[in-house]
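Observations on the model geometry
Read off the chains here:
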Amino acid sequence: MPFTTGLRASCRLTISRTPGFVLTGNSNWSRRLVTRGLLGRPQAFTKARFITTARGVSSSRGEHLSSQAKSTSRTLSSAAAAEPVPSDQLGFVPYQHPKDDVPMANADDRKVSVLWSPQNWSRFHNIWLRDHCRCPSCFHPVTKQRLVNTFEIPLNIKPHHVQASAEGLEVVWPSSTTEYHSSFYPWSWLKAHTYDPPQKSPLMLREKALWGTKIAKSPPTVTYAEAMDDSDHGLFKWLSNIDRFGFCFISGVPATPEATEVLSQRIGFIRETQYGKFWEFTADLSKGDTAYTTMALGAHTDNTYFTDPCGLQLFHLLSHSDGSGGATLLVDGFYVASLLKELHPNSYEILSRVPIPAHAAGEPTALYQPSPPCGYPTLRHDAFSGELTQVRWNNDDRSVMSHLDPSSVEEWYGAIRTWHNLLTSPDSEYWVQLTPGTVLSVDNHRVLHGRSAFDGKRRVCGAYIGVDEYRSKLSVLQEKFDAQFQLQGADHLTPGGNRSIWSSAL
């Protein structure tokens, strides 16, 4: 039976293997409950494989919060309810290290050190650990949001006691309003978030297949039936192809705008722009953009005039009559950037540093520019890993380069010319003639697209999907289907299928 009340911890302390408890030093070593959070309100914990959640949360599913809980002012540890919630719905089902392989832990005035092996160690600042406590009063187990008041944690906080167990690191903290606050951190979670020394988490590195013209021999493709299947396995295959290659074809799609729109919505919300929500166009210049002409378009990414360009773009050629031409061009921007970095590192540095302003001004009712107006560099990188994350290039939409340093004007023009030469190299270009029934989906942050000139009547429909919607859907499907992801983040889901508080994505 779970405890709903308990005595204040006192006397000598030995850490129990059950998070939230301490063993007091009395004659019968009875288990006593830590009753208050650091600078917070009383909290109740339960035994063994049960934890509690915030007051008012349903004990079976945690589906609602009472108005009383919502209106409670937040202290360092928010109130917890007496209602227990099984750990297979909200908590952590740990991987247990063999007894001989339990890491060693040691604390000093500023940090807790963990020795994984004789030559592999990590250090975590005390305030960082306290801020990342995920007991139910510090981190909401349903909403996955922080409840602890970070700004009330003493900057010089020190653990009262640390202990390494098979399941993870247990830390007991002092408190000004109660005697102790107990925190628990699974080993797998600590490894995934090691920062001292810096390490790249395996989950942060997704394999990218760089490609050139030879991709034409075996382009990534899924069928419409796969993409629309209720199991979502085909949808995962589709988005995984985009993640790895930067594009994917979907074959067997009914050649109608309606079917294409429903297909697009399998990924997420369609993003509405000045061209509409789900768009359909011909070469009638109904919109002020060269896409609405019969002209050839060089390799480019869309929306360089937006602060946040769309993530995915879907194209479906519905018909092309009384003419020819209009072949589609694809170029892997990451592949070309890798060539530029290897062969012309100075040009790569310039394109990674110099922002480029852009505009969309063909419509009298709209004038789009990014914020800030100076724009963003052609090559953008992850601030932590340094990995290339986005190619942003459309020379047609480029605005006046009046912000260049006078001494670097020729150098910048030389860099973009080198970039252009690599983009237009036959080795980089993949040309394909789209046909009705085949949808092309493109990662607009990586793959540049274009087309050859054409004549006749060519009818195309398509949509934009936001990069956040695309990444969210992919992450959810990885949790469900990706064996490697599940192995690396073994604690990301509880047996009940809910996302754990220890998911490496949180």
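Below, the structure is looked at part by part. In this convention, every chain numbers its residues from 1, walking through the sequence in written order. Selection of residues for local features in this predicted model requires a pLDDT of at least 70, selection of side-chain atom pairs for listing and counting requires 80 or more, and totals for whole chains, interfaces and linings are taken over all residues. Excluded from the side-chain calculation are hydrogens and water; included are all heavy atoms of the structure.

**Structural notes on the overall build of the protein**
Regarding its fold elements, the protein presents 12 helices and 26 strands. Within the protein, the proportion of its 506 residues that are buried is 50%. Contact criterion: two residues are considered in contact whenever any of their non-hydrogen atoms come within 4.5 Å of each other. In the protein, of all internal contacts separated by at least 6 residues, the share reaching a separation of at least 24 is 72%. To qualify as a helix, a DSSP run of H or I must reach at least 4 residues; to qualify as a strand, a run of E must reach at least 2; elements of each kind are numbered from the N terminus. A simple rule labels every residue: compare its accessible area, found with a 1.4 Å probe on the protein chains alone, to the largest value its type can have, and call it buried under 20%, exposed over 50%, or partly exposed in between.

**Digging into the sheet that holds strand β7 (residues 111-117)**
A pair of strands is labelled paired if DSSP reports no fewer than 2 bridges between them. Taken together, the 3 strands give an open sheet; going across it, the order is β6-β7-β8, and neighbouring strands pair in antiparallel fashion. The open sheet is flanked by β6 (104-107) and β8 (120-125), the only strands paired with a single partner. Put simply, the sheet's adjacent strands are angled 20° from each other on average, direction ignored. In terms of strand pairing, β7 meets β8 through 6 bridges, oriented antiparallel. Bridge pairing in β8 links Lys111 to His125. With axes taken as lines fitted to C-alpha atoms, and helix axes fitted only over the stretch in contact, angles between N-to-C directions fall between 0 and 180 degrees.

**Details of the packing of helix α9 (residues 345-353) against helix α10 (residues 409-423)**
Where α9 meets α10, the axes come as close as 9 Å, and the angle between the chain directions of the two elements is 105°. For the element pair α9 / α10, the angle class is roughly perpendicular. On α10, the residues that touch Asn346, Ser347, Ile350 and Leu351 of α9 are Glu411, Trp412, Ala415, Ile416, Thr418 and Trp419. Amino acid classes used here: Ala, Val, Leu, Ile, Met, Phe, Trp, Tyr, Cys and Pro are nonpolar; Asp, Glu, Lys and Arg are charged; the rest, including Gly, are polar. Class assignment for the residues of the contact of α9 with α10 results in 6 nonpolar, 3 polar and 1 charged. Here the angle decides the label: under 35 degrees means roughly parallel, over 145 means roughly antiparallel, 65 to 115 means roughly perpendicular, and every other value means oblique.

**Section: the environment of Ile153**
If you trace the backbone, Ile153 turns up in the loop between α3 (126-131) and β9 (161-164). Separated by 22 residues in sequence, Ile153 and Ser175 place their C-alpha atoms 9.5 Å apart.

**Details of the sheet that holds β9**
An order of β9-β10-β11 is seen for the 3 strands of this open sheet, with the pairing classed as antiparallel. A single partner strand is all that each edge strand has here, and the edge strands are β9 and β11 (180-186). Averaged over neighbouring strand pairs, the angle between their axes works out to 15° when direction is ignored. Sheet topology note: the β9/strand β10 (residues 168-174) ladder contains 4 bridges and is antiparallel. By the bridge assignment, Gln163 is partnered in β10 with Glu170.

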